[in-house]
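# Observations on the model geometry
One-letter residues, chain by chain:
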Amino acid sequence: MKKIKCECGHVNPEGTVLCEACGKPIEGNQHIDGNKKDSLLNMRYEGSARRSQTYNRSIVDKVWNFFSSVKVGVWLIIITLVASSLGTIFPQEMYIPPGANPVTFYEDQYGLAGKIYYQLGFHNLYSSLWFMMMIALIGVSLVICSIDRVVPLHRALKKQKPKRHHTFLKRQRIFGETKANVDMDAFKSNLHKNRYKVREQEGHILAEKGRFSRWGPYVNHIGLIIFLLGALLRFLPSMYIDDFVWIREGETEVVPSTGGKYYVKNEDFILENYDPQEDKRFQEALMNQNVPVASNYQTNAVIYERTNNDVVGAEPELKVLSREKIVVNEPAKFGGFALYQSSFQLDEFSSMSFTLHETGDESAVLGKFTVDLTAPKMEYKLDSGARVVIDEYFPEYYMDGNQPRSKSKFPKNPAFVFYVYPPDGGEPEVSFAGIGMNIDPTNENDYKLNLAGFDTRDVTGLAVKKDYTLPFMGVGGLIFMIGVIQGMYWNHRRIWLQPTEDGVWIAGHTNKNWYGLKRDIEKSIQDTGIEMPEDQQQLKG
Amino acid sequence: MGDLVTISSNLLYASFFFYLIATFFFGGTIRNEKTGNRGKASTIGISLTIAGFITQLGYFFTRWVASQHAPVSNLFEFTTFFGMMLVMAFIIIYFIYRLDVIGLFALPIALLIIAYASMFPREISPLVPSLKSHWLYIHVTTAAVGEAILAISFVAGLIFLIRQIDQTKSSKHTFWLEFVIYSIFSTLGFIIMTTTFGAMDYQAQFQAPVEEQIVNVEYEMPAIAGPNGGELQTEGAMQPVFEAPGWMRGQDAARKFNTLIWSLLSGLVLYGIVRLLLRKRVAAALQPKLKKFNPDLIDEVSYRAVSIGFPVFTLGAIIFAMIWAQEAWNRFWGWDPKEVWALITWLFYAFFLHLRLSRGWHGTKSAWLAVGGFAIIMFNLIAVNLVIAGLHSYA
Amino acid sequence: MDKTKKKRRRLIFRTLVLAVLVGLVVFAIIGNLSQDDAVVAVGDKAPNFELVQFGTNGERKSLKDFRGKGVMLNFWATYCKPCEEEMPYMQELYPEYKEKGVEIVGVNLDSTKLVVNRFIDKYNLTFTNLHDKNGQVMDLYGISPIPSTFFIDENGNVVDKVIGPLTLEKLEEHLKEIQPEA
């Protein structure tokens, strides 16, 4: 194949379906857009030469052509769509109850279907390799499809001439003949009034409006590509951090993933519920619901910056950076990081008080002591001269077979093995005490420890985020919206007028909204003597 | 305060009746033999529609004042708003194309949606902390507008299909078209059943094991499908015909399943009666009445609605949703089922546009896609909220 | 214009675009696979830190203090059962390898000293144990499951990394790896 010279004198690139200048269908290329003789012309991409469909040589070309096909792109969309829906049949792994083992969870909850779901990897579908590949392939298809179409389309729209080949006009969807003298000046001025750009060549008229809407799809594809690139940047640790920290009231913790640069103190965690008595407007709903509905989660926090640059673990010197009220929807922001209120635990034990009695006689107190659960002491000396030694401390006590153990370091269910040394200095007795439990292992103890009280504190869970990819996402989204609106809310309308021996031919084309085009034509031919053209594609009822 | 709430719900009732009467007037326009649709019936129809829309706006803002937050925060409020936006989208399309037939189909759909909405708890509900954000209103309202405009494309697509599909022989097309009509009847069935049993104050209590605990399960409709392993506690209530299968999890699963069965059965009865009366397919009976409309124009309305609605939907359901999610949950995208289905909807319409623009899918194919898109939107509104509960289960 | 030249240009352009796209896809795949990769990997310099040592009166030790010796850095906690299981092995091999220039350093993640001191007494641990009360060193080394063990040579480079408990044989193999040549 080689360049094609049209009878109008214009030289077209190979693969052209309709001459760029005059629109004459090019012999031998009509199969590309499925044009048939005597039927309407397929006007997509102006019948320009999409490169993909002309070359097919090296492997590079083959890959290129594969991705250049809209058909392939549409299939990629469909596969992604179906795959996405499969992932919602059962909850994703990140949404199953915390602590549940995914290996057994799906089978236990959903039976065989759940087991298959898990084994096929649908429990982690959206971060799976193949799902990401699908999205990546959509990205590739976006880039190549756009490159392959925008260049020739631009060329064809730039090269178009007002003087068109008569078959081009005849085979437009909107076409009409007028056999009479017509008022060309009135027609032109009408077109101007309707905000058409009018060009003339040897009495042939091309009126055009909204050409820029043709670039809409490419603009929105660029937006999408920027968005996807932004998503890629998340894999760079310097661009994106997602971490989490639990902080007990009164404690200061290093903000993770900041290299020890920032610290945060939880001064107070506040949980507020709606009160049916106070919030009258919600009374009915609250009464129906029967469980308290939270109105606010808040952490009163102090953000510190570390001023000394010593090694990690060394005692930090801290400078107050800011005091913040961290509320859902209102994160605290500092130095590129943001802290979000994201979780909490109420009423973790912070201290426990015990009193010592003689067994069977609770009236006389032989001393009282308080164990600070964050720093329990080895030994507590009581007023009566008795001593209590902590032999073992289980912050979150449970029985592992017949062995007491702790599940974690957090005092959620504290229990102790105490040695009680009597006031007279005799042999110690062993006593096991915890929340709601007081065990005398020998059943021969003369002394008994009673829980006299406890203090609790709340724990706040803050998500730590740094996200420098957001601007990319934002710009991508914005460009996408501009492109979509440009392409969807405007349309590219063209009206051609050609003088004939005994009158004129008129034809019209638009990429969408034919109704609008017809109204434009109606308005433009008013008082010109031109007859209203017909819609040749009217579906037969 | 209480008075304002009463005024608000009365306004909603009023708007419902406006739409209902408007539907009859649009029905009247169809008898006109000529295509010229500037008839009296048409003018009255659109006037009533606008009056209804303004009344419903009144409902919306009085409720806003009463609750002190935009009333789009629970299923009733959101669905009602969606119905209202559907009417708005219709009004806009009406003034572009002046097609009465769109109103004849769009208004009943809007009526069904509003009636469906009122089957859910209607009291003003408090906002949990994550919902306290202006982005909530912006996201939810824009998404609803987008979906409503896309719904007009379904309405036009449905009209196109009824008008165009060959009813002389039975085919896949005629089957699925009847199926769509049957689905609409089922929605009506759901509303009738819920209202009827609600008026009777029907209640049946079961004790059933859920997650290894015996809990009380309350039915507000006679149990066709009882809870798995459940025992009827209420005297005189109907014994379940069968038990819901064990793989349906959760306290409410069996009750919802039962409601679904009632809806489908009552839909079947309604459809059956209509079919018996007509003695032919419902679409076949409607077809002659639509013959005078230009199918090309209907097809264009359907496509136009997608091209107007798609950008709005993208903005509301994807972009604003991301901004809010970033503020509330510190991630703009979390693959929550509702989010995934919004993405699916978006991909579907992207697919629609690509097929239409570069592969030339017009007419019947395009109309079926419009129907499919609406099915996905409804699935996201109904099934995802009620069945696949995620973070969004409150909305 | 010369046709072959034009074709060549087109081929180069397409190859370039495809190469960039393939590069991005590969980047995405690698990023996806290495999401939970450690902050400190084998071959890296082990980052320095400083913590209070158990059994002392608030004395601080840093990793640098052990420069010149092989260091086995073990992250553990009393409530972690597999950690507890490997403790006797560590203690058993410690005296022998201390002679050969290898130090065992435990980084404990408990919050209260009492619990850890009792534990150390129970197992008669004689190797160095440091208190990472706020989990700063844990964060520095990007540890999630414990026990996690780093084997560091005399120059401070991470030679090996083991997640999960070690058997006596495995432990000895690893200790030999970091035994300084002398």
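About the thresholds
- Residues numbered from 1 in each chain as written.
- Chains lettered and ligands numbered in written order.
- Predicted model: local features only at pLDDT ≥ 70, side-chain atom pairs only at ≥ 80, totals over all residues.
- Heavy atoms only, no water.
- Helix = DSSP H or I, 4+ residues; strand = E, 2+ residues; numbered from the N terminus.
- Rg over C-alpha atoms; globule rule 2.2 N^0.38 Å.
- Areas by Shrake-Rupley, 256 points an atom, 1.4 Å probe, with all protein chains shown as cover.
- Lys, Arg positive; Asp, Glu negative; His and termini not counted.
- Charge placed at Lys NZ, Arg CZ, Asp CG, Glu CD.
- Salt bridge = Lys/Arg side-chain N within 4 Å of Asp/Glu carboxyl O.
- Buried < 20%, exposed > 50% of the residue type's maximum accessible area, 1.4 Å probe, protein only.
- Contact = heavy atoms within 4.5 Å.
- Buried area = accessible area lost by both parts, 1.4 Å probe.
- Nonpolar A, V, L, I, M, F, W, Y, C, P; charged D, E, K, R; others polar.
- Domains from an automatic or database assignment.
- Pairing = 2+ DSSP bridges.
- Expected span 1.5 Å × (residues − 1).
- Core = buried A, V, L, I, M, F, W, Y, C linked by side-chain atoms within 4.5 Å.
- Axes fitted to C-alpha atoms, helices over the stretch in contact; angles between N-to-C directions.
- Polar contact = N/O pair within 3.5 Å; in protein donor to acceptor, adjacent residues only side chain to side chain.

## Quick notes on the overall build of chain B
A tally of helices and strands in chain B yields 11 helices and five strands. Here the C-alpha atoms of chain B give a radius of gyration of 22 Å, agreeing with the 21 Å that 2.2 N^0.38 yields for 395 residues. Its C-alpha atoms put chain B at 65 × 50 × 45 Å along the principal axes. Total accessible area on chain B stands at roughly 16100 Å², and carbon and sulfur atoms take up 66% of it. The positive charge centre, built from 27 side chains, and the negative charge centre, built from 23, are 17 Å apart in chain B.

## As for the pattern of salt bridges
Residue and element names in this part refer to chain A. Under the criterion given, the structure shown has 33 salt bridges over all chains. The salt bridge partner of K188 is D185, with a shortest N-O separation of 3.9 Å. With K188 and D185 both in helix 6 (residues 184–193), this residue pair falls three residues apart, about one helical turn. As a salt-bridge pair, D535 and K518 come within 2.9 Å of each other at their nearest N and O atoms. Residue D535 is located in strand 24 (residues 534–535), and its partner K518 is located in helix 10 (residues 514–524); the two are separated by 17 residues in the primary sequence. The class of K518 is partly exposed, set by a relative accessible area of 21%.

## Topic: the environment of H174(C)
Residue and element names in this part refer to chain C. By the secondary structure assignment, H174 is in helix 5 (residues 168–177). On the basis of relative accessible area, H174 is assigned to the buried category, the value being 11%. C-alpha separation for the pair H174 and V162, spaced 12 residues apart in sequence, amounts to 9.5 Å. Other than its neighbours up to four places away in sequence, H174 contacts F151, D160, V162 and L166.

## Some thoughts on the environment of I146(C)
Residue and element names in this part refer to chain C. With respect to the helices and strands, I146 occurs in the loop between helix 4 (136–140) and strand 6 (148–152). Residues I146 and W76 lie 70 residues apart in sequence; the distance between their C-alpha atoms is 5.9 Å. Those residues in contact with I146 that lie beyond four places of it in its chain are F75, W76, A77, C80, C83 and L109.

## Things to note about the interface of chain B and chain A
On the side of chain A, 66 residues touch chain B, which itself brings 65 residues to the contact. Ranking the residues of chain B by area buried against chain A places P129(B), N330(B) and W335(B) at the top, with a combined share of 12%. Viewed at the interface, chain A and chain B are joined by one salt bridge. Among the elements of the structure, helix 2 (40–67), helix 3 (75–97), helix 5 (134–164), helix 9 (295–329) and helix 10 (337–358) of chain B are those that each provide at least two residues to the side of chain B that touches chain A. Residue contributions to the side of chain B that touches chain A peak at 19 residues, all from helix 9 of chain B. Split into classes, the residues belonging to the side of chain B that touches chain A amount to 38 nonpolar, 15 polar and 12 charged.

## Thoughts on the domain arrangement of chain C
On domain assignment, one finds that chain C holds domain 1 (1–35) and domain 2 (50–177). Look at where the C-alpha atoms of domain 1 of chain C and domain 2 of chain C centre, and you get two points 49 Å apart.

## A word on unusual backbone geometry
Despite not being glycine, S257(A) has its phi angle at roughly 65°, a positive value. For S257(A), a relative accessible area of 28% puts it in the partly exposed group.

## Here's the deal with the sheet that holds strand 1 (residues 204–210) of chain B
Sheet architecture is open: three strands sit in the order 2-1-4 (chain B), paired in antiparallel fashion. Of all strands in the sheet, those bounded by a partner on one side alone are strand 2 (213–219) and strand 4 (231–232) of chain B.

## Considerations on helix 2 of chain B
The terminal C-alpha atoms of helix 2 of chain B lie 40 Å apart, and with 28 residues this matches the ideal 40 Å at 1.5 Å per residue to within 8%. At the exit of helix 2 of chain B stands Q68(B), carrying a positive phi of roughly 65°.

## Thoughts on the nonpolar core
One finds F90(B), L99(B), V101(B), I102(B) and F105(B) to be the most contacted residues of the largest nonpolar core, which totals 156 residues. Counting residues per element, this core draws most heavily on helix 5 of chain B, at 19 residues. Look past the residues within four positions of F90(B) in its chain and what remains in contact with it is F26(B), I46(B), T49(B), L99(B), I102(B), G103(B), A106(B), L107(B) and I152(B). Of all hydrophobic cores here, the second largest spans 25 residues; its members include M72(C), A77(C), C80(C) and I104(C).

## Observations regarding the pairing of strand 23 (residues 503–510) of chain A
Residues and elements named next belong to chain A. Burial of strand 23 is extensive: eight of the eight residues sit out of reach of the surface. Relative to strand 23, strand 3 (residues 174–178) runs antiparallel, the two sharing five bridges. When the sheet's bridge partners are listed, F175 is paired in strand 23 with A507. As judged from the eight bridges shared by strand 22 (residues 493–500) and strand 23, these two strands associate in the antiparallel manner. By the bridge assignment, R493 is partnered in strand 23 with T510.

## Structural notes on the sheet that holds strand 5 (residues 128–131) of chain C
Residues and elements named next belong to chain C. A sheet is described by the order of its strands in space; here seven strands give the open sequence 2-1-5-4-3-6-7, paired in mixed fashion. Strand pairing shows two members of the sheet lacking a second neighbour, strand 2 (60–62) and strand 7 (158–163), which therefore form its edges. Strand-to-strand twist of the sheet, defined as the mean angle between neighbouring strand axes without regard to direction, takes the value 30°. Across four bridges, the pairing between strand 4 (residues 102–108) and strand 5 is parallel. Bridge assignment links N108 to a residue of strand 5, and that residue is H131.

## Re the interface of chain C and chain A
Chain C puts 44 residues into the contact, and the matching count from chain A is 55 residues. Taken over both partners, the interface formed by chain C and chain A buries close to 4200 Å², and the fraction arising from carbon and sulfur atoms is 62%. Where chain C packs against chain A, one counts three salt bridges. In this structure, R14(C) and D61(A) form a salt bridge, with 2.8 Å as the shortest nitrogen-oxygen distance. Counting across the chain C and chain A interface gives eight residue pairs in polar contact (both at pLDDT 80 or more). At the level of secondary structure, the elements contributing two or more residues to the side of chain C that touches chain A comprise helix 1 (3–33), strand 1 (50–53), helix 2 (81–99), helix 3 (113–123) and helix 4 of chain C. If you tally residues by element for the side of chain C that touches chain A, the top one is helix 1 of chain C, at 19 residues.

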